[in-house]
2 protein chains.
Amino acid sequence: MKFIIQRNRLIDSVQDVMKAVSSRTTIPILTGIKIIASEEGLTFTGSDSDISIESFIPTEEDGDELVEIKQTGGVVLNARFFGEIVRKLPMDSVEIEVLGQHQTIIKSGKAEFNLNGLDPDEYPHLPQISEENVFSIPTDLLKTLIRQTVFAVSTSETRPILTGVNWQIEEGVLTCIATDSHRLAMRSAPINFEQAEVCNAVIPGKSLIELSKILDDSSNPVEIVITDNQILFKSKNLLFFSRRLEGNYPDTSRLIPTDSKTELVLHAKDFLDAIDRASLLARGERNNVVKLATLEGKLIEISSTTPEIGNVVEHIQSQSIEGEELKISFSAKYMMDALKALEGTEIIISFTGAMRPFIIRSVNDDSILQLILPVRTF
Amino acid sequence: MKFIIQRNRLIDSVQDVMKAVSSRTTIPILTGIKIIASEEGLTFTGSDSDISIESFIPTEEDGDELVEIKQTGGVVLNARFFGEIVRKLPMDSVEIEVLGQHQTIIKSGKAEFNLNGLDPDEYPHLPQISEENVFSIPTDLLKTLIRQTVFAVSTSETRPILTGVNWQIEEGVLTCIATDSHRLAMRSAPINFEQAEVCNAVIPGKSLIELSKILDDSSNPVEIVITDNQILFKSKNLLFFSRRLEGNYPDTSRLIPTDSKTELVLHAKDFLDAIDRASLLARGERNNVVKLATLEGKLIEISSTTPEIGNVVEHIQSQSIEGEELKISFSAKYMMDALKALEGTEIIISFTGAMRPFIIRSVNDDSILQLILPVRTF
């Protein structure tokens, strides 16, 4: 293997595939990045047991020569060292050559690195995924779907299925649901995918977070293929594989109340800032819990106390308060997460009593819903 | 005590004095910030056992009213909570009032915080320092003096005196010296201070780092007063006290070689980048050690090896090599620290053999010198 490549393209591809490489793997070859040089270009692969990422650099793009392949072949190089080296190379052009026994020479200007490589044939094969059942989502929408739900997955391994986001496809609508059993985030979007049966997959939250980091902010389509135990995301010159979580995701539809006893309409930013301030002194017995109470004159009182330190009270003006009076306590963190995900300027919060889950929606957008379970303090 | 203040000025002063507040203090009142409102303005004080910082906000500055004092008095407020609260207040104006038993109300817009304060009379008094023996240095020069030496102090407490920077004033010249016994940094500057006897103080490195963070980048003078066990830095509306380290600083003058057997003149940036690259593979028996060898044709070879992973070799062109051939090994980190401190574009390195300390200077600047002890590997 021997090729000459523009350093910046090399850095981008190496950084992308490194997101899948874990230093804590028990399979030594997975601490490496696989590089394959073919007549068409260069393929970089990084993987741990959950995520695999493949980045391709064609020899030519839009008439620009990106890579000059002098000899085809392949090697596996230690990801951490190789990643640091390519970022610090002195010149814009880099030559990489594999000699006998996978010895790899990396030359740029007058700097010459010699890395001990491994046999690329020993690198695990990525899953072969058939190109049936493909649908696509614009990149920016996919990132929004992830951002608005993934924060609500469970971080505890006691119920592993809850560490993933449930993707349901039914009648041309993709619905993403995440819950840690104290709160729930749900977002749906229409997709162009005609399938007779309901498709239901649970994707690890960690995979979605890494995917989000790797995708650009364009509206280019990302193709998605769901198989029995994998999900594949295909963007331009990039393949992102994630395993699916096994098991049945709980039926969350019954959790979401359909009636309401008290409804508030609020300016989201004012409410978020007040919750943020109240959280500063929410260090009582139950950490990070703030109180909300409805008052006369469409006023809402937000308050919290930290024993020995002090307390805070703030009144905010709502657009409207309908229904019964209410006093309720909830996690400031969950509320702030939900409000940040909603993005709306005007929000509506529907309560069905101080001890029942309540839902937060955007006034002008039905595609997203956030649910929070209250805490008993009043 | 009762006053109304612009939020931004309050944030600045609180952030400045918080740099002296440690959460790990054994004296409870020192976890607080002391606030004193007088007819002239507000004084904020933060302190741990080593550093004390006082920030003053006058009622008026350049015709602008900064603080409206409604009632004089004082209180001590928990630094962490108070600091977080002032940063998140909703409006540009803040009212702070102390009621009975040091209960303090902080009001901004519709947010009202109630903090339990402590008695300001129980806060330790700052040292009284007489205004004799004052000299001054422009702020930017003071920050440069600190930056160019403080990185070389020892981080180990085995010889506490070496965790400080030695300031010597003799015949109108201030010389700052730091060493951890493996390397040494020295920088001198003329000052306008006529004193008969030699002044010699060792200032904790940590104090100088905090001082540097707090000072702006102006050329306004900072007044400096050195007393028996304290050093005081006075900038506009700011007092910064640090204790001095006790004990005798070692005589470092004999460490610095006066002759040389090999002299290199180099472009600093090229050399720094080559050392940085070589350090990537400098993970051998002795961590972070790179090798330097002189070659024919004014070339210098920089190399390093990490067993099992690989090695790197780079040739750089020097302006000149004079004297004996040389092979020497040294810490890449020490060399990079020294080169970054030097700031010069052209540097001169003077060696007196592979096992003797060598010195690095800027070709055009005699006021700064860096010294490094080599490592035995050749």
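If you're wondering where the values come from, they're calculated on a predicted model, not measured in any experiment.

### A word on the interface of chain B and chain A
Here is step 1 of the chain: In this complex, chain B contributes 30 residues to the contact, which on the side of chain A involves 29 residues.
Here is step 2 of the chain: Both faces considered, chain B and chain A share a buried interface measuring about 2,800 Å² in area, 55% of it formed by carbon and sulfur atoms.
Here is step 3 of the chain: Counting across the interface, chain B meets chain A through 16 residue pairs in polar contact (both at pLDDT 80 or more).
Here is step 4 of the chain: Every element with two or more residues in the side of chain B that touches chain A is listed here: helix H2 (79-87), strand S11 (111-116), helix H5 (268-280) and strand S23 (310-317) of chain B.
Here is step 5 of the chain: The greatest single-element share of the side of chain B that touches chain A, amounting to seven residues, is contributed by S23(B).
Here is step 6 of the chain: Of the residues belonging to the side of chain B that touches chain A, the class tally is twelve nonpolar, eight polar and ten charged.
Here is step 7 of the chain: Looking at chain direction, strand S11 (residues 111-116) of chain A and S23(B) are connected through five bridges and run antiparallel. Looking at the pairing, Leu115(A) lines up with Gly310(B) of S23(B).

### Thoughts on the packing of aromatic side chains
Here is step 1 of the chain: Per the counting criterion, the structure on display carries eight aromatic pairs over all chains.
Here is step 2 of the chain: Where Phe351(B) meets Phe358(B), the ring centres are 4.8 Å apart and the plane angle is 35°; that geometry is what we call tilted. Residues Phe351(B) and Phe358(B) agree in their burial class; the two are buried.
Here is step 3 of the chain: Members of the aromatic cluster, connected to one another through ring pairs, are Trp167(A), Phe233(A) and Phe240(A).
Here is step 4 of the chain: The ring of Phe81(A) carries the charged tip of Arg80(A) above its face, separated from the ring centre by 4.8 Å.

### Side note on the side chain of Ser55(B)
Residues and elements named next belong to chain B.
Here is step 1 of the chain: Within the element layout of this structure, Ser55 appears in strand S4 (residues 51-58).
Here is step 2 of the chain: For Ser55, a relative accessible area of 4% gives the class buried.
Here is step 3 of the chain: Polar side-chain contacts of Ser55 include one of 2.8 Å to the side chain of Ser13.
Here is step 4 of the chain: In this structure Ser55 touches Ser13, Val17, Leu42, Thr43, Phe44, Asn237 and Leu238, once residues within four positions along its chain are discounted.

### A closer look at a negative patch on the surface
Here is step 1 of the chain: There is a patch of like negative charges on the surface, built from Glu60(A), Asp62(A), Asp64(A) and Glu65(A).
Here is step 2 of the chain: Checked against the element boundaries, Asp62(A) lands in the loop between strand S5 (60-61) and strand S6 (64-65).

### Some details on the UniProt feature "domain: DNA polymerase III beta sliding clamp N-terminal" (unreviewed entry) in chain A
Here is step 1 of the chain: Mapped onto this structure's residue numbering, the UniProt feature "domain: DNA polymerase III beta sliding clamp N-terminal" (unreviewed entry) falls at residues 1-127 of chain A.
Here is step 2 of the chain: Along residues 1-127 of chain A, the helical share is 17% and the strand share 46%, with 25 Å between the first and last C-alpha atoms.

### Describing the relation of the copies chain B and chain A
Here is step 1 of the chain: With an RMSD of 0.0 Å, the fit of chain B onto chain A corresponds to turning through 180° and sliding 0.0 Å along the axis. Accordingly, the operation relating the two chain copies is best matched by a two-fold axis. Nearest to the rotation axis, the C-alpha of Lys213(B) is located 16 Å from it, this being the minimum over chain B.
Here is step 2 of the chain: Of the residues that chain B buries at the interface, 97% are likewise interface residues in chain A, meaning the two copies contact each other through the same surface.

### Observations concerning the domain arrangement of chain A
All names here are of chain A.
Here is step 1 of the chain: Segmenting chain A into domains produces domain 1 (2-122), domain 2 (134-253) and domain 3 (256-372).
Here is step 2 of the chain: Of note, the centres of domain 1 and domain 2, computed from C-alpha atoms alone, are 30 Å apart.
Here is step 3 of the chain: Each partner contributes to the interface: domain 1 provides 13 residues, whereas domain 2 provides 13 residues.
Here is step 4 of the chain: Taken together, both faces of the contact between domain 1 and domain 2 bury some 1,200 Å²; the carbon and sulfur share is 49%.

### Examining helix H3 (residues 139-147) of chain B
Here is step 1 of the chain: Those residues of H3(B) that sit buried are Thr139(B), Leu142(B), Lys143(B), Leu145(B) and Ile146(B). Around the axis of H3(B), the buried residues are gathered within 160° of arc, so they sit on the same side.

### Things to note about the sheet that holds strand S13 (residues 164-170) of chain B
All names here are of chain B.
Here is step 1 of the chain: The nine strands lie next to each other as S16-S13-S14-S15-S28-S27-S26-S20-S24, forming an open sheet whose pairing is antiparallel. The sheet is open, and its two borders are formed by strand S16 (199-204) and strand S24 (320-323), each paired with just one other strand. Each strand of the sheet is rotated relative to its neighbour by a mean of 20°, with strand direction disregarded.
Here is step 2 of the chain: Bridge count for strand S26 (residues 346-351) against strand S27 (residues 358-362) is four bridges, and the pairing is antiparallel. Along S27, the bridge assignment pairs Ile349 with Ile360.
Here is step 3 of the chain: The sheet contacts of H3 involve S13, strand S14 (173-179) and strand S15 (183-190), and relative to S15 the element is tilted by about 160°.
Here is step 4 of the chain: Across the sheet, H5 is in contact with strand S20 (262-267) and S26; its angle to S20 comes to roughly 95°.

### Let's talk about the pattern of salt bridges
Residue and element names in this part refer to chain A.
Here is step 1 of the chain: Here the structure, examined in full by the defined rule, presents 34 salt bridges over all chains.
Here is step 2 of the chain: The partner of Arg277 in a salt bridge is Glu314, and the shortest N-O contact between them spans 2.8 Å. Here Arg277, found in helix H5 (residues 268-280), pairs with Glu314, found in strand S23 (residues 310-317); they are 37 residues apart in sequence, far enough to count as distant. Exposure class is identical for Arg277 and Glu314. Each is buried.
Here is step 3 of the chain: Salt bridges linked by common partners bring Asp180, Arg183, Lys333 and Asp337 together as one network.

### Describing helix H4 (residues 205-214) of chain B
Here is step 1 of the chain: The buried count for H4(B) comes to seven of ten residues, which makes it a mostly enclosed element.
Here is step 2 of the chain: Buried within H4(B) we find Gly205(B), Ser207(B), Leu208(B), Glu210(B), Leu211(B), Ser212(B) and Ile214(B).

### Considering the packing of H5(A) against helix H6 (residues 332-342) of chain A
Residues and elements named next belong to chain A.
Here is step 1 of the chain: Closest axis-to-axis distance for the H5/H6 pair is 10 Å, and the angle between their directions is 155°. Taken together, the axes of H5 and H6 lie roughly antiparallel to each other. Of the two elements, H5 crosses H6, and the hand of that crossing is left-handed. Taken together, the residues of H6 that come into contact with H5 (itself represented by Phe271, Leu272, Ile275, Asp276 and Ser279) are Ala332, Met335, Met336, Leu339 and Lys340.
Here is step 2 of the chain: Here the residues of the contact of H5 with H6 are counted per class, giving seven nonpolar, one polar and two charged.

### Looking at the sheet that holds strand S18 (residues 230-235) of chain A
Residues and elements named next belong to chain A.
Here is step 1 of the chain: Strand order in this open sheet of eight strands is S8-S2-S3-S4-S19-S18-S17-S12, and the pairing throughout is antiparallel. Here the strands that pair on one side only, and so sit at the sheet edges, are strand S8 (73-78) and strand S12 (134-138). Averaged over all pairs of adjacent strands, the angle between strand axes in this sheet comes to 20°, irrespective of strand direction.
Here is step 2 of the chain: As paired elements, strand S2 (residues 32-37) and S8 share six bridges and run antiparallel to each other. Across the sheet, the residue bridging to Ala37 is Gly73, located in S8.
Here is step 3 of the chain: Sheet strands touched by helix H3 (residues 139-147): S12, strand S17 (221-226) and S18. Its angle to S12, the strand with the most contacts, is close to 85°.

### Points about the pairing of strand S3 (residues 41-47) of chain A
Residues and elements named next belong to chain A.
Here is step 1 of the chain: Across the seven residues that make up S3, a large majority, seven, are buried.
Here is step 2 of the chain: Relative to S3, S2 is paired through four bridges, and the arrangement is antiparallel. Note on S3: the bridge partner recorded for Ile36 is Thr43.
Here is step 3 of the chain: Connecting S2 to the next strand, S3, in antiparallel fashion are three residues.
Here is step 4 of the chain: For S3 and strand S4 (residues 51-58), the ladder comprises seven bridges, and the chain directions are antiparallel. If you follow Leu42 over to S4, its bridge partner there is Ile57.

### Notes on the packing of H3(B) against H4(B)
Residue and element names in this part refer to chain B.
Here is step 1 of the chain: Running from N to C, H3 and H4 cross one another at 145°; their axes reach a closest spacing of 10 Å. Crossing geometry of H3 relative to H4 is assigned as left-handed. Here Leu142, Lys143 and Ile146 of H3 lie close against H4, whose contacting residues are Leu208, Leu211 and Ser212.
Here is step 2 of the chain: Among the residues making up the contact of H3 with H4, the classes are represented as four nonpolar, one polar and one charged.

The rules behind these values
- Residues numbered from 1 in each chain as written.
- Chains lettered and ligands numbered in written order.
- Predicted model: local features only at pLDDT ≥ 70, side-chain atom pairs only at ≥ 80, totals over all residues.
- Heavy atoms only, no water.
- Contact = heavy atoms within 4.5 Å.
- Buried area = accessible area lost by both parts, 1.4 Å probe.
- Polar contact = N/O pair within 3.5 Å; in protein donor to acceptor, adjacent residues only side chain to side chain.
- Helix = DSSP H or I, 4+ residues; strand = E, 2+ residues; numbered from the N terminus.
- Nonpolar A, V, L, I, M, F, W, Y, C, P; charged D, E, K, R; others polar.
- Pairing = 2+ DSSP bridges.
- Phe/Tyr/Trp six-rings, centres within 6.5 Å; stacked < 30°, edge-to-face > 60°.
- Buried < 20%, exposed > 50% of the residue type's maximum accessible area, 1.4 Å probe, protein only.
- Lys NZ or Arg CZ within 6 Å of the ring centre and 35° of its normal.
- Patch = residues over 30% accessible without salt bridge, like charges linked within 9 Å, V, L, I, M, F, W, Y side chains within 5 Å.
- Areas by Shrake-Rupley, 256 points an atom, 1.4 Å probe, with all protein chains shown as cover.
- Salt bridge = Lys/Arg side-chain N within 4 Å of Asp/Glu carboxyl O.
- Lys, Arg positive; Asp, Glu negative; His and termini not counted.
- Charge placed at Lys NZ, Arg CZ, Asp CG, Glu CD.
- UniProt positions renumbered as here; feature names shortened; annotations may be inferred.
- Least-squares fit on C-alpha atoms with pLDDT ≥ 70 in both.
- Domains from an automatic or database assignment.
- Arc of directions from axis to C-beta.
- Axes fitted to C-alpha atoms, helices over the stretch in contact; angles between N-to-C directions.
- Parallel < 35°, antiparallel > 145°, perpendicular 65-115°, else oblique.
- Left-handed = near helix turned anticlockwise from the far one by under 90°.

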